[in-house]
Amino acid sequence: MKDPRLMVRPLVRQLRAYVPGEQPKVKGLIKLNTNENPFPPAPKVLAAIRAAVDGRLRLYPNPTGQALRAKLAGFHGCKPENIIVGNGSDELLALATRAFVEPETGTVQFFTPSYSLYPVLAAMHGARTNAVPLKDDFCLPCLEAGWDREAALSFVTTPNAPSGRGYANAELDGLCLRQRGLVLLDEAYVDFANENALGLALKHPHVLVARTFSKAYSLCALRVGYLVGHPELIAALQKIRESYNVNGLGQIGAQATLASLPYYRLNFRRIIATREWLTQALAGLGFQVWPSQTNFILTRPPVFPAKHWLEKLRQRKILVRWFDSPEVRPYLRM
Ligand SMILES: *Cc1c(COP(=O)(O)O)cnc(C)c1O
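This write-up is about the structure you can find in this document. All of these numbers come straight from a predicted model, not from anything done at the bench.

**Examining the packing of aromatic side chains**
On inspection of all chains with the given rule, the structure shows 17 aromatic pairs. Judged by centre distance (4.3 Å) and plane angle (15 degrees), the rings of Y60 and Y244 are stacked. Residue Y60 is located in the loop between α2 (43–51) and α3 (66–76), and its partner Y244 is located in the loop between α8 (231–240) and α9 (248–258); the two are separated by 184 residues in the primary sequence. For Y60, a relative accessible area of 64% translates into the label exposed. You can call Y244 partly exposed: its relative accessible area is 39%. Arranged with centres 5.5 Å apart and planes meeting at 90 degrees, the rings of Y115 and Y118 form a pair that is edge-to-face.

**Overview of the site of the ligand**
The environment of the ligand is made up of G88, S89, D90, Y115, T157, D186, A188, Y189, T212, S214, K215 and R223. Note that an oxygen atom of the ligand is positioned 2.9 Å from one of the side-chain N or O atoms of K215. Relative to its free-state accessible area of 380 Å², the ligand is covered by the protein chains to the extent of 93%. Counting residues per element, the shell around the ligand draws most heavily on helix α4 (residues 88–100), at three residues.

**Some words on the pairing of strand β2 (residues 83–86)**
Every regular strand shows the same layout, with side chains that alternate between the two sheet faces. The two faces of β2 match: I83 and V85 on one face and I84 and G86 on the other face are all buried. Alignment of β2 against strand β8 (residues 225–228), held across four bridges, turns out to be antiparallel. Paired with I84 across the two strands is L227, which belongs to β8.

**Regarding the sheet that holds strand β5 (residues 153–157)**
Consider a sheet: its strands pair through backbone hydrogen bonds, and that pairing is either parallel or antiparallel. In spatial order, the strands read β2-β8-β7-β6-β5-β3-β4; together these seven strands make up an open sheet with mixed pairing. Each edge of the sheet is formed by a strand with only one pairing partner; in this case those strands are β2 and β4 (128–133). The sheet shows a mean angle of 20 degrees between the axes of neighbouring strands, direction not considered. Direction of pairing for strand β3 (residues 107–112) relative to β5: parallel, over a ladder of three bridges. Counted as the bridge partner of Q109 is S154 from β5.

**A closer look at the sheet that holds strand β10 (residues 298–300)**
Read from one edge of the open sheet, three strands run β9-β10-β12, paired in antiparallel fashion. The two strands at the open ends of the sheet, each matched to only one other strand, are β9 (288–289) and β12 (332–333). Where β10 lies against β12, two bridges are found, and the strand directions are antiparallel. Bridged to T299 within β12 is L332.

**Quick look at the environment of A131**
As for its placement among the helices and strands, A131 is situated in strand β4. Judged by relative accessible area, A131 falls into the partly exposed class, the value being 40%. For the pair A131 and F110, spaced 21 residues apart in sequence, the C-alpha to C-alpha distance is 5.3 Å. Every residue in contact with A131, bar those within four places of it in the chain, is listed here: F110 and T112.

**What about the environment of Y115?**
On the secondary structure map, Y115 appears in the loop between β3 and α5 (117–125). Sequence-distant contacts of Y115, that is, excluding residues within four places in its chain, are made with Y18, D90, L93, T157, A161 and D186. Among the polar contacts listed, one links the side chain of Y115 to the side chain of D90, at a separation of 2.8 Å.

**A look at the packing of α4 against α8**
Any two packed helices are characterised by the angle at which their axes cross and by the distance between the axes. In the contact formed by α4 and α8, the axes pass within 9 Å of each other and the chain directions differ by 100 degrees. One element, α4, and the other, α8, form an angle in the roughly perpendicular class. Contacts between α4 and α8 pair L95, A96, R98, A99 and F100 from the former with L233, A236, L237 and I240 from the latter. Considering only residue class, the contact of α4 with α8 consists of eight nonpolar, no polar and one charged.

Calculation criteria
- Residues numbered from 1 in each chain as written.
- Predicted model: local features only at pLDDT ≥ 70, side-chain atom pairs only at ≥ 80, totals over all residues.
- Heavy atoms only, no water.
- Phe/Tyr/Trp six-rings, centres within 6.5 Å; stacked < 30°, edge-to-face > 60°.
- Helix = DSSP H or I, 4+ residues; strand = E, 2+ residues; numbered from the N terminus.
- Buried < 20%, exposed > 50% of the residue type's maximum accessible area, 1.4 Å probe, protein only.
- Near = heavy atom within 4 Å.
- Polar contact = N/O pair within 3.5 Å; in protein donor to acceptor, adjacent residues only side chain to side chain.
- Areas by Shrake-Rupley, 256 points an atom, 1.4 Å probe, with all protein chains shown as cover.
- Pairing = 2+ DSSP bridges.
- Axes fitted to C-alpha atoms, helices over the stretch in contact; angles between N-to-C directions.
- Contact = heavy atoms within 4.5 Å.
- Parallel < 35°, antiparallel > 145°, perpendicular 65-115°, else oblique.
- Nonpolar A, V, L, I, M, F, W, Y, C, P; charged D, E, K, R; others polar.

Okay, structure coming up:
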């Protein structure tokens, strides 16, 4: 009898997979656990996707998302060669790990807490990790101690998740300037922030910025993200991606999104206003709430431990997120 477990590489056998937020199909559930947008895509985006659902689905999509990259280049004031699109930005974070980090000897570096996918990507690749704690208030720590300026790839979630904390461009620029390895600034929530660091990817040859259509542009289901950076880095990533990594409907939905920006900007303002209102309302009830530059807040609830609140809220059909990791165990993210 052949043992299927022995067919699996030891590295993969020992992997602990990334745990995404739950997607339960419960009627009437108020779903606040995965930072999705409460507003639907713009009507013109839905119409463009619907109009593309016909016999043409038998054809392969454009392999590099050429038309989408041209529109993104116009939007960001750069060239299509500065951009690669991916099956969500998650795919691009994985590609960056594979393209820029030597297995066994290379280091993937990130702050904790930040996006919990980074250590999983490093483990999958057999790379080393350097997890550097943020300060207690989730600000960037002093980089003299612990932070490795030679690390092959440093992921920085900015604004940060799950804390919601924003970082000033000047501070990020300082971090990039002293770094000898690649820096990937993950701007999944940047549309809800005061500043964005896209200019750093166009200024420094060793800096990439990741963006996604998932959160701010209500397209989680279509899986479209992109990276902006130096054409040499982008060309390396293009070599190792899947041939048709971004599906055709995703390419069409993302292009239509760029033609409906005023609709989204109005929603950003509404979401930011709700964030500020909720922050005040919760503070009035005795919750400690960290200032947020994202579409979510991190809050320490009063009276009961956060895990009890998670369960009690769930009984009332309100789903929030709780992370069982030391830095954020007292908090809920919603
Ligand atoms: C949601 C999220 C992503 C992934 O977005 P997709 O484009 O949907 O893959 C990447 N980074 C952070 C910090 C996120 O929160």
